[in-house]
Amino acid sequence: MKDVKFQFENKNFVVVGASSGMGRHITLDLARAGAHVLAVARNEERLQEVQKSFPDLIEVQTLDVLEAGPEDWDRVLGEFVEKHGKVNGGVYTAGITGMTALRMYDDDLAHRILDTSFWGMVRFIQGMAKKKYAAKGSSYVVFASTAAHYGNRGQFAYTAAKGAVLSFVRATAKEICRSQHRINSISPGWVETNMTQEAAKVDSIIQTEHVFQRYILGTGQPEDVSGAVLFLLSDAARWITGTDLLVDGGSLLGTD
Ligand SMILES: NC(=O)c1ccc[n+]([C@@H]2O[C@H](COP(=O)([O-])OP(=O)(O)OC[C@H]3O[C@@H](n4cnc5c(N)ncnc54)[C@H](OP(=O)(O)O)[C@@H]3O)[C@@H](O)[C@H]2O)c1
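This one's a predicted model, so the numbers in the text were calculated from it and none came from an experiment.

1. As for the overall build of the protein
What the protein contains, in helices and strands, is 9 helices and 7 strands. Its C-alpha radius of gyration of 17 Å places the protein within 12% of the 18 Å reference for a compact globule of 256 residues. A principal-axis box enclosing the C-alpha atoms of the protein has dimensions of 50 × 40 × 40 Å. In the protein, the share of contacts with a sequence separation of at least 24, taken over all contacts with a separation of at least 6, comes to 71%.

Structure, rendered in structure tokens:
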């Protein structure tokens, strides 16, 4: 982000899924812009690695979004707010993927995929939007996927989870606007992270040139998405809510 300088001094954000990939990069970019960030995920070691770069600005909290109920979010957010004041926004990137072809899917995996991307996100936003934690005009960014727009073959659970995220954003924008809060989603295309590395190992279809040909700007890196997230969190996006931003290297345009 050489052309645009975000200034988030004296602002507080929570990033869920901060131990890896895009969430990690967003956490570091927010701290670079001066914000206090609460970095949440399960893997403590990787969270501490992230914290090392900005020990005065990044705090870490281990939490499994599949298990975290309202009381857990109350504890985690309550402690952060007590230290730094109300929160100006949050980013939810936690997600897992996996093959769930209709003819042979694992019920438990399908539910975990939906629970991680969708229900975990619902509980996070429910906690964050409470008056006692949210500063006026808070901004939330949650992660959908291009999969929700075209449907990943053999991945109905992942596609449905991300479709549900898009619908949640539209409905919830209308509910939280009373406090001038905003919520938007990002739909990334193929970004090189742990998730895509793992996915490529198990699904030979997505490694074919045919898929990558759609990326007229090439495939992405976490920094190609982070700037869009910081923009949506910033005052520059104060009139934007209930929408989805495709950050996909032009992959949905088609090659014809
Ligand atoms: N990479 C892509 O090409 C791509 C494309 C479209 C959409 N997306 C979406 O973008 C988001 C970020 O993906 P990424 O590629 O950056 O993935 P990633 O590198 O695998 O990171 C996923 C993050 O989610 C956290 N997480 C997973 N399950 C969790 C749980 N139960 N509780 C708490 N945290 C959990 C992981 O942390 P721990 O393991 O430490 O818990 C990790 O920090 C995901 O929602 C993904 O679906 C990715």
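2. A word on the site of the ligand
By nearness alone, 29 residues border the ligand, and Gly-17, Gly-21, Arg-42, Asn-43 and Gly-95 come closest of all. Counting residues per element, the ones that place at least two in the shell around the ligand are helix H1 (21-32), helix H4 (107-128) and helix H7 (194-202).

3. Quick look at the pairing of strand S1 (residues 12-16)
It is a general feature of regular strands that their side chains alternate between the two faces of the sheet. Among the 5 residues that make up S1, 5 are buried, leaving the element largely enclosed by the rest of the structure. In terms of strand pairing, S1 meets strand S2 (residues 36-41) through 5 bridges, oriented parallel. Residue Asn-12 lies in a different strand from S2, and its bridge partner there is His-36. Handedness of the crossover is the feature at issue here: the chain leaves S1, passes through H1, returns alongside S2, and the resulting connection is right-handed.

4. Points about H1
Between its first and last C-alpha, H1 extends 17 Å over 12 residues, near the 16 Å set by a 1.5 Å rise per residue. The buried count for H1 comes to 11 of 12 residues, which makes it a mostly enclosed element. Immediately beyond the C-terminal end of H1, within one or two residues, lies Gly-34, with a positive phi of roughly 100°.

5. Details of the nonpolar core
Within the largest apolar cluster, 60 residues are counted, with the highest numbers of intra-cluster contacts made by Val-15 and Ala-39. The leading source of residues in this core is H4, at 6 residues. Setting aside anything within four residues of it in sequence, one finds Ala-39 in contact with Val-15, Ala-18, Thr-27, Leu-47, Val-50, Gln-51, Ile-58, Glu-59 and Val-60.

6. Structural notes on the environment of Tyr-133
Structurally, Tyr-133 is set in the loop between H4 and strand S5 (134-143). Here Tyr-133 falls in the buried class, since 20 other C-beta atoms lie within 10 Å of it. Taking the C-alpha atoms as reference points, Tyr-133 and Gly-78, separated by 55 residues in sequence, lie 7.2 Å from one another.

7. Remarks on the confidence of the model for the protein
The predicted coordinates of low-pLDDT regions are not to be read in fine detail. The share of residues in the protein with pLDDT of 70 or more is 97%, and the mean pLDDT across the chain is 95. Model confidence for the protein, summarised as mean pLDDT per element, is weakest for helix H8 (residues 209-213) at 76 and strongest for S1 at 99.

8. Brief notes about the sheet that holds S1
Sheet strands pair by backbone hydrogen bonding; their relative direction is either parallel or antiparallel. If you walk across this open sheet you meet the 7 strands as S3-S2-S1-S4-S5-S6-S7, and the pairing is parallel. On the outer flanks of this sheet lie strand S3 (58-62) and strand S7 (244-247), each paired with one strand and no other. Averaged over all adjacent pairs, the angle separating strand axes in this sheet is 20°, with direction ignored. Each of S1, S2, S3 and strand S4 (87-92) touches helix H3 (residues 70-84); the most contacted strand, S4, lies at about 140° to it.

9. Quick look at the packing of H4 against helix H6 (residues 156-176)
Between H4 and H6, whose axes approach to 8 Å, the crossing angle comes to 15°. Relative to H6, the element H4 is oriented roughly parallel. Relative to H6, the crossing made by H4 is right-handed. Here Ala-110, Ile-113, Leu-114, Ser-117, Phe-118, Met-121, Val-122 and Ile-125 of H4 lie close against H6, whose contacting residues are Ala-157, Tyr-158, Ala-160, Ala-161, Lys-162, Ala-164, Val-165, Phe-168 and Thr-172. For the contact of H4 with H6, the per-class residue count stands at 14 nonpolar, 2 polar and 1 charged.

10. Considerations on H6
Here H6 is 21 residues long and its end C-alpha atoms lie 29 Å apart, about the 30 Å a rise of 1.5 Å per residue gives. Residues of H6 that are buried: Ala-157, Tyr-158, Thr-159, Ala-161, Lys-162, Val-165, Val-169 and Thr-172. Summarising the contacts, the buried residues of H6 are in contact with H4, S5, helix H5 (147-150), strand S6 (182-188) and S7.

So, how was this worked out
Sequence order as written defines residue numbering, which begins from 1 separately in each chain. Whole-chain, interface and lining totals are the exception, using all residues; otherwise, since this is a predicted model, local features are given only for residues with pLDDT of at least 70 and side-chain atom pairs are given and counted only at 80 or more. Per the convention used, a helix needs a DSSP run of H or I reaching at least four residues, while a strand needs a run of E reaching at least two, with both numbered from the N terminus. Only C-alpha atoms enter the radius of gyration; for comparison, a globular chain is expected to reach 2.2 Å times N to the power 0.38, where N is the number of residues. Two residues qualify as a contact pair if the distance between their C-beta atoms, derived from the backbone, is within 7 Å. For each residue, a C-beta atom is positioned from the backbone; the residue is called near a molecule or strand if that atom sits within 6 Å of it. With C-beta atoms placed from the backbone, a residue is buried if 20 or more other C-beta atoms are within 10 Å of its own, exposed if 12 or fewer are, and partly exposed between those counts. Strands are treated as partners if at least two bridges between them are detected by DSSP. Assignment of crossover handedness uses the view with strands pointing away from the viewer, where a clockwise path from the first strand over the helix to the second indicates a right-handed crossover. Each helix should span, by expectation, one fewer than its residue count multiplied by 1.5 Å. Only buried Ala, Val, Leu, Ile, Met, Phe, Trp, Tyr and Cys residues enter a nonpolar core, and they are joined through C-beta atoms within 7 Å. pLDDT is defined as a per-residue confidence score from the predictor, taking values between 0 and 100. Angles here are taken between N-to-C directions and fall from 0 to 180 degrees, while the axes themselves are lines fitted to C-alpha atoms, restricted in helices to the stretch in contact. An angle below 35 degrees is treated as roughly parallel, one above 145 as roughly antiparallel, one from 65 to 115 as roughly perpendicular, and anything else as oblique. If you view the pair so one helix is near and one far, a crossing is left-handed when the near helix is turned anticlockwise from the far one by less than a right angle, and right-handed when it is turned clockwise. The classification used treats Ala, Val, Leu, Ile, Met, Phe, Trp, Tyr, Cys and Pro as nonpolar, Asp, Glu, Lys and Arg as charged, and all other residues, Gly among them, as polar.

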